[in-house]
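Chain residues, written in single-letter form:
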Amino acid sequence: MTPNPAATATLAARATAFADLHTPASPLALANAWDVASARLVEAAGAAAVATTSAGVAWSLGSPDGDALARDRALDLIARVAAAVSVPVTADIEGGFGADAAAVGETVRGVLAAGAVGINIEDGTRSPAEHAERLAAARAAADAAGVPLYVNARVDTFLLGLGDPATRLDETLARAAAYLRAGASGVFVPGVTDPATVAELAEGIDAPLNVLVGPGAPSVAALGGLGVSRVSLGSWVAGAAYAVVRRATEELLTDGTYGSLAQSVPYGELNALLKG
């Protein structure tokens, strides 16, 4: 398919605008969505961008998280979300939905065709060298398309407890540097929110730092003061939504009451968000 120059220019401008949102002075705060309705709610609440959560997307499609969802199903969901909102969309593509770097490049071409301007791609238990190859392939695919895709390289050392705790920070910084050399735009380090470590990460990473937040984490403003440029709720929002399903069902079946639904989004409000 021949690229549409106007569409490419629009996507490129949106990608640049999305990148500009990453600043410690006012960190980009992302409440991750997993379908069109959640994306529209996030946008309507005033969010500057919409991020998908791989876990929420997988769960909503009947799949576990962790590179189990088929690429085409993920891309279809990304396209639906991107078409439904007017703000930039960044997509969590797990490890890249592919067995090797070439497949990651193909995924990125699909992400751009779907209308997203950013990706999260995680290293997990892969070697840093292999992940750097995946990041380089992602960057090359985006460059070839003429779009400055925001590539958020996730480093899972803290989240998965990899390596010696005494050297984990140094290992994280080394991976971050390698991933930036490979073409990453920013670095995502989930699994750590203690101020001292976050400040060291922000100081040691020469790019915008993203952290995963949830109950008990410092506020967005406090994290910005430590040098964080982006905060994400990740799968917390989807998990909370599914918790309502469980609570409401248990209450209905045990007490025969309905208090768990007291803070439901009104039918008319949600319905109106999905019109037009």
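This text follows the structure it describes.
A few points on the structure.

How each quantity is defined
Residues numbered from 1 in each chain as written. Predicted model: local features only at pLDDT ≥ 70, side-chain atom pairs only at ≥ 80, totals over all residues. Heavy atoms only, no water. Helix = DSSP H or I, 4+ residues; strand = E, 2+ residues; numbered from the N terminus. Expected span 1.5 Å × (residues − 1). Buried < 20%, exposed > 50% of the residue type's maximum accessible area, 1.4 Å probe, protein only. Arc of directions from axis to C-beta. Core = buried A, V, L, I, M, F, W, Y, C linked by side-chain atoms within 4.5 Å. Contact = heavy atoms within 4.5 Å. Phe/Tyr/Trp six-rings, centres within 6.5 Å; stacked < 30°, edge-to-face > 60°. Pairing = 2+ DSSP bridges. Axes fitted to C-alpha atoms, helices over the stretch in contact; angles between N-to-C directions. Left-handed = near helix turned anticlockwise from the far one by under 90°. Nonpolar A, V, L, I, M, F, W, Y, C, P; charged D, E, K, R; others polar. 1 Å grid on protein atoms, 1.4 Å probe; cavity = no way out; pocket = protein on both sides within 12 Å on 5 of 7 lines; lining within 4 Å. Points joined across faces, edges and corners; volume = space filled by probe spheres on them. Parallel < 35°, antiparallel > 145°, perpendicular 65-115°, else oblique. Salt bridge = Lys/Arg side-chain N within 4 Å of Asp/Glu carboxyl O.

What follows concerns helix 1 (residues 5-20). In this model helix 1 runs 23 Å from its N-terminal to its C-terminal C-alpha over 16 residues, within 8% of the 22 Å that 1.5 Å per residue would give. Burial in helix 1 covers these residues: L11, A12, A15 and F18. Along the axis of helix 1, the buried positions cluster into a sector of 120°, meaning they face one direction only. More than 90 degrees from the buried face of helix 1, the exposed residues found are P5, A6 and D20.

Judged by nonpolar contacts, the single largest core of 69 residues is most densely connected at V50, I119, V189 and L209. Sort the elements by how many residues they give to this core and helix 4 (residues 71-84) lands first, with six residues. Once you skip the residues sitting within four places of it in the chain, I119 turns out to touch T90, A91, I93, V108, V111, A138, L149, Y150, V151 and N152.

Going through the model one piece at a time under the given rule, you end up with three aromatic pairs. Centre to centre, the rings of W34 and Y242 are 6.5 Å apart; their planes meet at 40°, and the pair counts as tilted. Highlighted residues: W34 in the loop between strand 1 (28-30) and helix 2 (36-44) and Y242 in helix 10 (residues 236-254), separated in sequence by 208 residues. Residue classification places W34 among the buried residues on the basis of a relative accessible area of 11%. Plain terms: the ring middles of W59 and Y242 are 6.3 Å apart, the flat faces sit at 70° to each other, and that makes the pair edge-to-face. Here W59, found in helix 3 (residues 54-60), pairs with Y242, found in helix 10; they are 183 residues apart in sequence, far enough to count as distant. Taken together through their ring pairs, the aromatic side chains of W34, W59 and Y242 make up a single cluster.

With parallel pairing, eight strands are arranged side by side in an open sheet as 1-8-7-6-5-4-3-2. Looking at the sheet topology across the chains shown, the edges are occupied by strand 1 and strand 2 (50-51). Relative to strand 8 (residues 230-232), strand 1 is paired through three bridges, and the arrangement is parallel. The residue bridging A29 from the neighbouring strand is V231, located in strand 8. In this fold helix 6 (residues 128-145) packs onto strand 4 (118-122) and strand 5 (150-154), with an angle of close to 165° to the strand it touches most, strand 4.

At a minimum axis distance of 9 Å, the contact between helix 2 and helix 4 shows a crossing angle of 35°. Classified by chirality, the crossing of helix 4 by helix 2 is right-handed. On the side of helix 2, the interface is formed by V36, A39, R40 and E43, while helix 4 contributes R80, V81 and A84. A breakdown of the residues in the contact of helix 2 with helix 4 according to their chemical character gives four nonpolar, no polar and three charged.

Taken as a whole and assessed by the stated rule, the structure comprises one cavity of 30 Å³ or more. In this structure, the largest cavity encloses a volume near 50 Å³. What lines the largest cavity is T52, S54, V57, L69, A74, L77, I78, D92, E94 and F97. Every element with two or more residues in the lining of the largest cavity is listed here: helix 3 and helix 4. For the lining of the largest cavity, the element with the most residues is helix 4, which contributes three residues. Classifying every residue of the lining of the largest cavity gives six nonpolar, two polar and two charged.

Taken N-terminus to C-terminus, the directions of helix 7 (residues 168-182) and helix 8 (residues 195-204) make an angle of 30°; their axes are 10 Å apart at the nearest point. In terms of orientation, helix 7 and helix 8 fall into the roughly parallel class. The handedness of the crossing between helix 7 and helix 8 is right-handed. Residues L169, T172 and L173 of helix 7 lie in contact with helix 8, whose contacting residues are T197, E200, L201 and G204. Across the contact of helix 7 with helix 8, the residue classes tally to three nonpolar, three polar and one charged.

Before going further, it helps to examine the pattern of salt bridges. Taken as a whole, this structure holds nine salt bridges when the rule is applied. Here D67 and R126 are joined by a salt bridge, their closest N and O atoms 3.6 Å apart. Of the two residues, D67 is situated in the loop between helix 3 and helix 4 and R126 in the loop between strand 4 and helix 6; the sequence distance between them amounts to 59 residues. Here D67 falls in the partly exposed class, since its relative accessible area comes to 38%. The residue R175 makes a salt bridge to D123 at a minimum N-O spacing of 3.0 Å.

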